[in-house]
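Summary of the model geometry
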Amino acid sequence: MASLPSLALTSTTLPKLADSDLKTRNSSSLDKNVSYRPNSLKPRIKSKNSPRTLDLEEALNSLKEGNQFDSTTYVPPLEHCIATNSLSNAEILLSHILKTGAIKDGYIAVTLVNTFMKCGSPTHAQKLFDKISERSIVMWTALISGYVRNSDPQSAIQKFIDLLEADFRPVIYSFWAVLSACSDLCNLKFGEQIHTQIIKFGGELEIEVSGSLSTMYSKCGNLKSAIKVFEKLPKRDVSSWTSIISACGDNYEPFLGLRLFIDMLHDGIWPNEVTLSSVSSLLCSIEYLKVGPTRQFHAFCVKFGCGSMAHTRNSIMYMYLKCGQIEDAIKLFENMVRVNLVTVNAMIAGLNRRMGNLNDDLLVFSSGTEALRIFRNLNRSLTRPDMFTFSSIISVCANLLALEEGTQIHAQMVKSGVLNDVVTTSSLLNMYGKCGNVFEARKVFDEMPFRDRTSVSYTSMISCYTQNGKFKEAIELFEEMISNDITPNLVTFIGVLSACSSAQLVDKAEHYFKMMKEEYKIQPVTGHYACMVDMFARLGKIEEAFAFINKEDFAPSEVIWSMLVASCRSQGNMDLAFYAAEKLLQVKPEMAETYKLLFNMYKLSGKWQDANRVRKLMSTYKIPIIKDRSWITTKGKVHYFWGHGRYHPQNVEINEMLDNLIEKAKELGYVPYSNNEGSEGEDEEKEKGYSELVKYHSEKVAVSFGLMSVPKGVAIRVYKNISMCKDCHSFLKIISDLMDREIVVKDSRRLHVFKDGHCLCGDFMKEV
C-alpha cells in the first residue's frame, strides 16, 4: 500500500472546530442540500434577449475575434472539453475567462476546476484554485473529489485538512470524497477521525454517508465497524443492504454475507441486479461448493426477474465457471438470445481462470479449446474483440502451448491496434515464453516504447528467458531493469532467482535474495523459497537445502518437497527421500501422483509393508488411479493416446515408427529402464512386463505420431496428464538429436523442451 506523504497523515489529528469557529456562510445544519451551484448564484433564465450558447468550435472562433460573453456561455464549451478530454482547449477558455474577469463568477470557477480535474490535470486545477481568493465549500469539494478521481488520495486528504483549517464546514459531498480517499489508501485511522467529525456534525449526516463509511471500513479490513454503521441505520434500503453484503465478500466472509442476504429477504427488501451479483461473488469464494446451491441461486435470480439481465447472467456464468460447472456455464452462454462483448469476455476470462485452478490437464485442455471456439465465433460475428478479450485469449494460448493460434491472434492484435496496452503486451510475452519462442518474445519487448516498459514488462521477459534456458540473458535484463530505476516486484525476483537456480549461481542467488528483503523490503513467498531450495537440490547439496529451510523458518510447499524427494533419490539418500515423501503426502494428501511416488519408492526399496500401507491409504481416501494419457494437436484436430495407442486409427503405423525410433536410439546409447517403477495405472498390467509398458508410454506414442504428421521445421508439442518418467525423458532427448526436431512436452510438473539432445529442465525432474 502506498505510504502517506510527509504530512504523516496516518497520525494526523483533524482540527477541532467549534460551532462558533465556522463561517456563517456555511452554517446550515446539514448542508446536504448544497449543490455544485451555490445558492447565491441564481441560474440565469433564458429569454428572447438572452445570448445563445455556443458549441466549442464557435466559442473558440469568437474568442479569437475578441467577442464578449455572458459567463454562462462558457459552460457548454467547458463541458465539451470534458467530453473530449481536451486539456488544450480548456486552457484557451481559461485564458479568455481570466481576461474577461468571468472567473469572479463562482459557478464558472468551480466548473473550471472540475474541467481540469476531469481532463486529468490536477496541476492546472490546483494552480487555478490557488489564484482564487473567494473560495466556496463547493470549490473545495470539487478539488478534493478531483484528486480522488485522478488516483491521488493523499492530496485529497491533505486538501480536506486544509478545508477544515480554513474554517469551512464540510458538506455531504466533501465527506463522500474524503472517505473514498481513505478507502483507496486503506487509512483506517484517518477514516475513523472523519467518522468522528461526521457524528459531531449530526446523526442525520451519518445516515447520509453510511454507505461510504461502510465501504471505507470494509476496504480497511474492519468489517465489524462496517456492520456497526449498517446496524445504526433506522431505515435500510436495497443500496445499504447491497453495500454490507459486498463488504463481507471483500473481507472473505462469504457465509456472513449470505446470512445478511437472507436477513434482507426476511425484511421484505427485494434484491436488485447489483445485489444478486454480489451474492454470486460470495458463492464463488466458497471452496468445494456443490452443484445444488449454485443452481438454486440461478433459479432464484430467474424468479426475481433478473435472470435475463446481462450483468446478472455474466455473474452467474462466472460463478458456474469458478465452481467447476463448465457445462452449466456453456449452456447458459449458448442459450443467451443476445450476447455482447462483455459477456464473451466474461466467458473467456472465466475459462482462462479455471485453467489455472485445475490439476487435471485434460480438463485444462478442454477448457482452453472451448475458449478458442468462443473466440473464433466472436470473430465471425460483427462484434470486434477489445484489449480484455485479447489479453484473456492470449493467456489461454499460453496455457495450451498453442503457438500457432497465439501467433495468429498476435497478428490480429497488431491489425486492431491494441498493442499499446501493457497488459496485452505482457500477455504476449508470457505466451511466447511458455511456447518456447524467445525470438518473438524479445521482438515484442523491443518494439515497446521505452517509456512504456514497466516492471510487468521486464518481469514477463525475464520469466520468458528463464523458462527457455536463457539464464544469462535473464540476469542481464534484470540488471538493466535495476539500472533504469524500474523497481522489481515480487514476481520479478522469482524469475531472476529461478535463472540463478537453473544456472547454479549460488552467490548471485543469495545476493538477489538478500537484495529483495533488505533493499526492496519484499517478504519472500513460496516461489522465492522454492528457487533457493531448487538450486541447492540441483547441486546435490541436500544438507544445505534443509539448513536453508530451517534458517528461513517457513513451511515448505508441495513443490519444494517434490524437489527434495527428487534430489534425495538421485543422491541415493533414501532416508531423507522417504522423510520428504511423507511430508509431501501430508501437504498434498489428495494428489494421486504423491501416493504413486511413495508407493514406488517403498516397492523399489523392498519395504513391502510400507508400500501396502500406502495402498490402503489410497483405498481409504478413494484416491483415483490416473491413467497415462497424452495428446497432440495437428491440423486443428486433437489426437489422444493411451493404452499403447491401440485405439488410434493409425495405431499400426505409429507403433512401427516407435519401434524403429527405439532401435535407432539404442544405437546411440539409449538403454531402456528395466526397474519396477512405472507410470500411473500400470500395476494392474504388470504381468505384461514393465519394459513393454514403458516402451509404449503415451508421450512416446504421441511424439511418434507427431514425427509422422507435423511438418519438418515445426516443433512437436505434446501434453501429458501426469509426470514424465526417466525412461521417456532419456528417450526423447536422443530422438530430438536423432531426428533434428524440437520436441516440447508439458507434463503435470513442468515444461520440457528437448532440442539437440538436451532438455531445458537440466534433467532435474520429479521421478515417477
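Above this text you will find the structure in question.
Let us look at the structure shown here. Keep in mind that this is a model prediction, so the values were computed, not measured.

**A word on the pairing of strand S5 (residues 751-755)**
Pairing geometry for strand S4 (residues 743-746) and S5, over four bridges, is antiparallel. Residue pairing across strands places Lys746 opposite Leu751, the latter belonging to S5. Counting the residues that bridge the hairpin from S4 to S5 gives four residues. Two strands pair when backbone bridges link them, and S5 and strand S6 (residues 758-759) are joined in this way by two bridges, in the antiparallel orientation. In the strand pairing of S6, Phe754 is matched with Cys759. Between the end of S5 and the start of S6, which pair antiparallel, lie two residues, with Asp756 showing a positive phi angle near 55°.

**Brief notes about the layout of surface pockets**
Reported here for the second largest pocket is a volume of approximately 1,300 Å³. Along the walls of the second largest pocket sit 48 residues, with Leu401, Leu403, Glu404, Ala715 and Arg717 positioned nearest its centre. Those elements that provide at least two residues to the lining of the second largest pocket are helix H20 (361-380), helix H22 (403-416), helix H24 (438-447), strand S1 (630-634), strand S3 (716-720), S5 and S6. Examining the composition of the lining of the second largest pocket, we find that six residues originate from one element, H20, more than from any other. When grouped by side-chain class, the residues that make up the lining of the second largest pocket number 24 nonpolar, 13 polar and 11 charged.

**Quick word on the packing of aromatic side chains**
Taken as a whole and judged by the stated rule, the model has 27 aromatic pairs. Through successive ring pairs, a cluster of aromatic residues spans Phe513, Tyr529, Phe536, Phe548 and Phe554. The ring centre of Phe445 lies 4.6 Å from the NZ or CZ of Arg453, which sits over that ring. Lying across the ring of Phe599, Arg615 places its NZ or CZ 4.6 Å from the centre.

**Comments concerning the nonpolar core**
One finds Leu112, Ile194, Met347, Ile409, Met431, Met461 and Leu564 to be the most contacted residues of the largest nonpolar core, which totals 193 residues. With nine residues, the single largest contributor to this core is helix H6 (residues 137-149). Core analysis: the next-biggest nonpolar cluster, separate from the first, contains 29 residues, Val701, Leu707, Val710 and Ile735 among them.

The rules behind each value
Residues numbered from 1 in each chain as written. Predicted model: local features only at pLDDT ≥ 70, side-chain atom pairs only at ≥ 80, totals over all residues. Heavy atoms only, no water. Pairing = 2+ DSSP bridges. Helix = DSSP H or I, 4+ residues; strand = E, 2+ residues; numbered from the N terminus. 1 Å grid on protein atoms, 1.4 Å probe; cavity = no way out; pocket = protein on both sides within 12 Å on 5 of 7 lines; lining within 4 Å. Points joined across faces, edges and corners; volume = space filled by probe spheres on them. Nonpolar A, V, L, I, M, F, W, Y, C, P; charged D, E, K, R; others polar. Phe/Tyr/Trp six-rings, centres within 6.5 Å; stacked < 30°, edge-to-face > 60°. Lys NZ or Arg CZ within 6 Å of the ring centre and 35° of its normal. Core = buried A, V, L, I, M, F, W, Y, C linked by side-chain atoms within 4.5 Å. Buried < 20%, exposed > 50% of the residue type's maximum accessible area, 1.4 Å probe, protein only.

So yeah, pure geometry; function would need other evidence.
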